[in-house]
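Per-entry structural report
The chain contents come next:
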Amino acid sequence: MKVYFIGAGPGDPELLTLKAQRLIGACPVCLYAGSLVPAEVVAGAPAGALVRDTAPMTLEETHAEILAARGRGEDVARVHSGDPSLYGAIAEQIRRLRADGISYEIIPGVPAYAAAAAALGQELTVPEIAQSIVLTRVSMKSTSMPEHETLEAFARSRATLAIHLGVRNLREIERQLTPWYGADCPVVVAYRVGWPDQAFIRGTLADIHAKVRTEKITRTALILVGPVLGEVSDFRDSALYDPEVPHVLRPLAGKAVRV
């Protein structure tokens, strides 16, 4: 048997990959994180499949279900939100699978920051405005952050930040980022991206806390910070399609080819 860690994307069932959809529809056991994965995502599980929401379960209880499935010779669809490689808590599950000699495979999914950018209708890497995205989070009640991975350290680069698990800590985020980005730096709080009730709150570092508080959002939100989120129109075109910049698929007579 095999365990498939499946990225379900941010919530919209139509953002499942074809492979993810196929495996959910084929595995006799489906374990999904119901606090972040809508039931509609696993509605395609086969008739008679064991479908369990793992949100109220412990890691050991979840692993016990996998061991039971192995005893029956049944594959397991372990469905996580977004992409499993990012805050998917799969590393500790994989450690137990390896210890018990159980094979596994990871199926990538659409991460929340990508779905948020799509819903906002914009690119996050605009020439000469922003070319880097930092995916990070704040500690609060979750596992502590490594010593050198601080918001202030990332802020020094002025890269676009995608901050997870931090909507209850907006005051501290404002305090740490304002010296580097400025109080008027654009911020977008993306709430339940991909769900029917998704919402986007726009503001700045100076006022985003008050706006989010008014909307009473306390969880399931991604915070995007950076100049690229503002009204950006005065930027140069990318060299990718520039007729004066040749490359291997579009050579230009008399000019060196960029590989």
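An account of the accompanying structure is given in this report. Because the structure is a prediction, the values reported are computed rather than measured.

1. Describing the packing of helix 2 (residues 59–72) against helix 3 (residues 91–99)
The interhelical angle for the contact between helix 2 and helix 3, taken along N-to-C directions, is 45°, at an axis separation of 11 Å. Classified by the interaxial angle, the pair formed by helix 2 and helix 3 is oblique. Seen along the crossing, helix 2 lies across helix 3 with a hand that is right-handed. Every residue of helix 3 that contacts helix 2 at Leu-59, Glu-60, His-63 and Ile-66 is listed here: Glu-92, Gln-93, Arg-96 and Leu-97. Of the residues belonging to the contact of helix 2 with helix 3, the class tally is three nonpolar, two polar and three charged.

2. Points about the packing of aromatic side chains
Within this structure, the stated rule accounts for one aromatic pair. Ring geometry for Phe-5 versus Tyr-104: centroids 6.2 Å apart, planes at 75°, classification edge-to-face. Of the two residues, Phe-5 sits in strand 1 (residues 2–7) while Tyr-104 sits in strand 5 (residues 103–107), which places them 99 residues apart along the sequence. Above the ring of Trp-195, the side-chain terminus of Arg-192 is found at 4.0 Å from the ring centroid.

3. Structural notes on the pattern of salt bridges
A complete count under the given rule lists 10 salt bridges for this structure. Salt-bridge contacts for Glu-152 lead to Arg-156; the nearest nitrogen and oxygen are separated by 3.7 Å. The residue Glu-172 makes a salt bridge to Arg-175 at a minimum N-O spacing of 2.5 Å. Placement of both Glu-172 and Arg-175 in helix 6 (residues 170–181) is noted, with a separation of three residues, approximately one turn of the helix. One salt-bridge network, in which partners are shared between bridges, spans Lys-2, Lys-19 and Glu-105.

4. Some details on the side chain of Arg-78
In this structure, Arg-78 sits in strand 4 (residues 76–80). Here Arg-78 sits buried without a salt bridge, and the closest side chain of opposite charge, Asp-53, lies 7.5 Å off (N-O distance). Apart from the residues within four sequence positions on either side, Arg-78 is in contact with Val-3, Tyr-4, Phe-5, Ile-6, Leu-31, Tyr-32, Ala-33, Thr-54, Thr-62 and Gln-93.

5. Details of unusual backbone geometry
Positive phi is not limited to glycine here, since Glu-128 has a value of about 65°. Tracing the backbone through its elements, the reader meets Glu-128 in the loop between helix 4 (112–120) and strand 6 (133–137). Judged by its relative accessible area of 64%, Glu-128 falls in the exposed class. In this model, Leu-165 sits at a positive phi of 55°, which is unusual for a non-glycine residue.

6. Some remarks on the pairing of strand 1
Summarising burial for strand 1: five of the six residues are buried, a large majority. Pairing of strand 1 with strand 4, which is carried by five bridges, proceeds in the parallel orientation. By the bridge assignment, Val-3 is partnered in strand 4 with Val-76.

7. Considerations on the sheet that holds strand 1
On the basis of which strands lie adjacent, the open sheet formed by five strands has the order 3-2-4-1-5 and parallel pairing. The two strands at the open ends of the sheet, each matched to only one other strand, are strand 3 (50–53) and strand 5. The average angle at which neighbouring strand axes cross in this sheet is 15°, direction not considered. Here five bridges tie strand 1 to strand 5, and the two strands are oriented parallel to one another.

Definitions and limits used
Residues numbered from 1 in each chain as written. Predicted model: local features only at pLDDT ≥ 70, side-chain atom pairs only at ≥ 80, totals over all residues. Heavy atoms only, no water. Axes fitted to C-alpha atoms, helices over the stretch in contact; angles between N-to-C directions. Helix = DSSP H or I, 4+ residues; strand = E, 2+ residues; numbered from the N terminus. Parallel < 35°, antiparallel > 145°, perpendicular 65-115°, else oblique. Left-handed = near helix turned anticlockwise from the far one by under 90°. Contact = heavy atoms within 4.5 Å. Nonpolar A, V, L, I, M, F, W, Y, C, P; charged D, E, K, R; others polar. Phe/Tyr/Trp six-rings, centres within 6.5 Å; stacked < 30°, edge-to-face > 60°. Lys NZ or Arg CZ within 6 Å of the ring centre and 35° of its normal. Salt bridge = Lys/Arg side-chain N within 4 Å of Asp/Glu carboxyl O. Buried < 20%, exposed > 50% of the residue type's maximum accessible area, 1.4 Å probe, protein only. Lys, Arg positive; Asp, Glu negative; His and termini not counted. Pairing = 2+ DSSP bridges.

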